[in-house]
Amino acid sequence: MPLLRYTASADNTIVNAYQPNLRTRGTGANAGEADVLEVFSIYGRQSTSSQELSRILMKFPINQISADRTAEKIPASGSVSFYLRVFNAPSSKTVPPDITLVVNPMKTAWQEGIGLDLEGYKDLTKGNIGSNWMSASSTSSWNSVSGGGDWLSGSSADYRYEQRFTSGLEDMEINITPLVERWIKGASGGGIANYGMGIKLTS
């Protein structure tokens, strides 16, 4: 069976982590041009009850997928499967075992941005192009007052996907066929707009 690989057309890591001074959160930081993406949860670094989070935003070229279907490079709906694959990047940081990552489609358009810094979170958008923990773009905030992105959720299995990581070092591979088919249909065709997806830890 032939395989086609589509790489993300945009991605970013958004954080509410503290900057190195442990006083200021890097909620305005953008990492759209960084060569890795990060998901983490850090407890107790700033105080005994502090929590710091990061989340991944990714978007795929659905227009290209639709064009390839029209050109019969990929089969019709019901005869093809779409898998999200994200690869582990080796790190010197502690990796927790037995975690679950959740994938949801986003319900707000967002900008990738050009930030790089995933250490000090110093690449602040300050109204420039790019998303961060508090803003979806240079002109709009997330609908959530606390930030962290706007996620499509609910009872529909098409909107929530999970993978358990036993060692914490596995690659992600999830069948997201129903979601991709909804993106292909588009909002005007009974599906949803392609604002990409978010990846985060369970609560």
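Here the structure is a predicted model, which means the values were calculated and not measured.

**Quick look at the pairing of strand β1 (residues 10-15)**
For a regular strand, the rule is simple: side chains alternate between the two faces of the sheet.
Next up, step 1: Most of β1 is tucked away, with six of its six residues classed as buried.
Next up, step 2: Of the two faces of β1, the one holding A10, N12 and I14 and the one holding D11, T13 and V15 are both buried throughout.
Next up, step 3: Alignment of β1 against strand β3 (residues 51-59), held across six bridges, turns out to be antiparallel. In the strand pairing of β3, T13 is matched with I56.

**Some thoughts on the nonpolar core**
Next up, step 1: L84, V103, M172, I176, M197 and I199 are the most contacted members of the largest nonpolar core, which totals 27 residues.
Next up, step 2: Sorting elements by how many residues they give to this core places helix α2 (residues 177-185) first, with four residues.
Next up, step 3: Excluding anything up to four places from it in sequence, L84 contacts F60, V103, M172, E173, I174, I176, M197 and I199.
Next up, step 4: With ten residues, the next largest nonpolar core counts A10, L53, M106 and W151 among its residues.

**Thoughts on unusual backbone geometry**
Next up, step 1: In this structure, L22 takes a positive phi of about 60° despite not being glycine.
Next up, step 2: Of note, L22 is situated in the loop between β1 and β2 (40-43).
Next up, step 3: Classification of L22 by relative accessible area gives partly exposed; the value is 26%.
Next up, step 4: Positive phi is not limited to glycine here, since Y121 has a value of about 55°.
Next up, step 5: Tracing the backbone through its elements, the reader meets Y121 in the loop between β5 (99-105) and β6 (161-165).
Next up, step 6: Overall, Y121 belongs to the buried group, its relative accessible area being 7%.

**Overview of the side chain of N30**
Next up, step 1: Along the chain, N30 falls in the loop between β1 and β2.
Next up, step 2: Here E112 takes part through its backbone oxygen, which lies 2.9 Å from a polar atom of the side chain of N30.
Next up, step 3: Contacts of N30, omitting those with residues within four sequence positions, involve N12, E112, G113, I114, G115, L116, D123, T125, G130 and S131.

**As for helix α1 (residues 62-70)**
Next up, step 1: Within α1, the full set of buried residues consists of I62, I65, D68 and R69. Buried residues of α1, viewed axially, fall in a sector of 120°; they line one side. Opposite its buried face, α1 presents the exposed residues N63 and T70, each directed more than 90 degrees away.
Next up, step 2: Buried positions along α1 lie against α2.

**Brief notes about the side chain of S137**
Next up, step 1: Looking at the secondary structure, you find S137 in the loop between β5 and β6.
Next up, step 2: The class of S137 is buried, set by a relative accessible area of 10%.
Next up, step 3: Side chain to side chain, S137 and S140 meet in a polar contact 2.9 Å long.

What counts as what
- Sequence order sets the numbering: in each chain, residues are counted from 1 along the sequence as written.
- Local features in this predicted model are restricted to residues of pLDDT 70 or higher, and side-chain atom pairs are both shown and tallied only at a pLDDT of 80 or more, whereas totals for entire chains, interfaces and linings draw on every residue.
- The side-chain values count all of the structure's non-hydrogen atoms but skip hydrogen atoms and water molecules.
- Type-normalised accessible area, obtained with a 1.4 Å probe on protein chains alone, sets the label of each residue: buried when under 20%, exposed when over 50%, and partly exposed for intermediate values.
- Secondary structure elements follow DSSP: runs of H or I no shorter than four residues count as helices, runs of E no shorter than two count as strands, and numbering proceeds from the N terminus.
- Pairing between strands requires that DSSP locate at least two bridges from one strand to the other.
- Only buried Ala, Val, Leu, Ile, Met, Phe, Trp, Tyr and Cys residues count toward a nonpolar core, and they belong to the same one when joined by side-chain atoms within 4.5 Å.
- In what follows, a contact means two residues having at least one pair of non-hydrogen atoms within 4.5 Å.
- Pairs of N or O atoms within 3.5 Å make up the polar contacts considered here, provided that, within protein, one atom can donate a hydrogen while the other can accept it, and that residues adjacent in sequence are counted only when both atoms are side-chain atoms.
- Directions are taken from the helix axis to each C-beta atom, and the arc is the one they span.

Take it as geometry only, folks, not as evidence of what the structure does.
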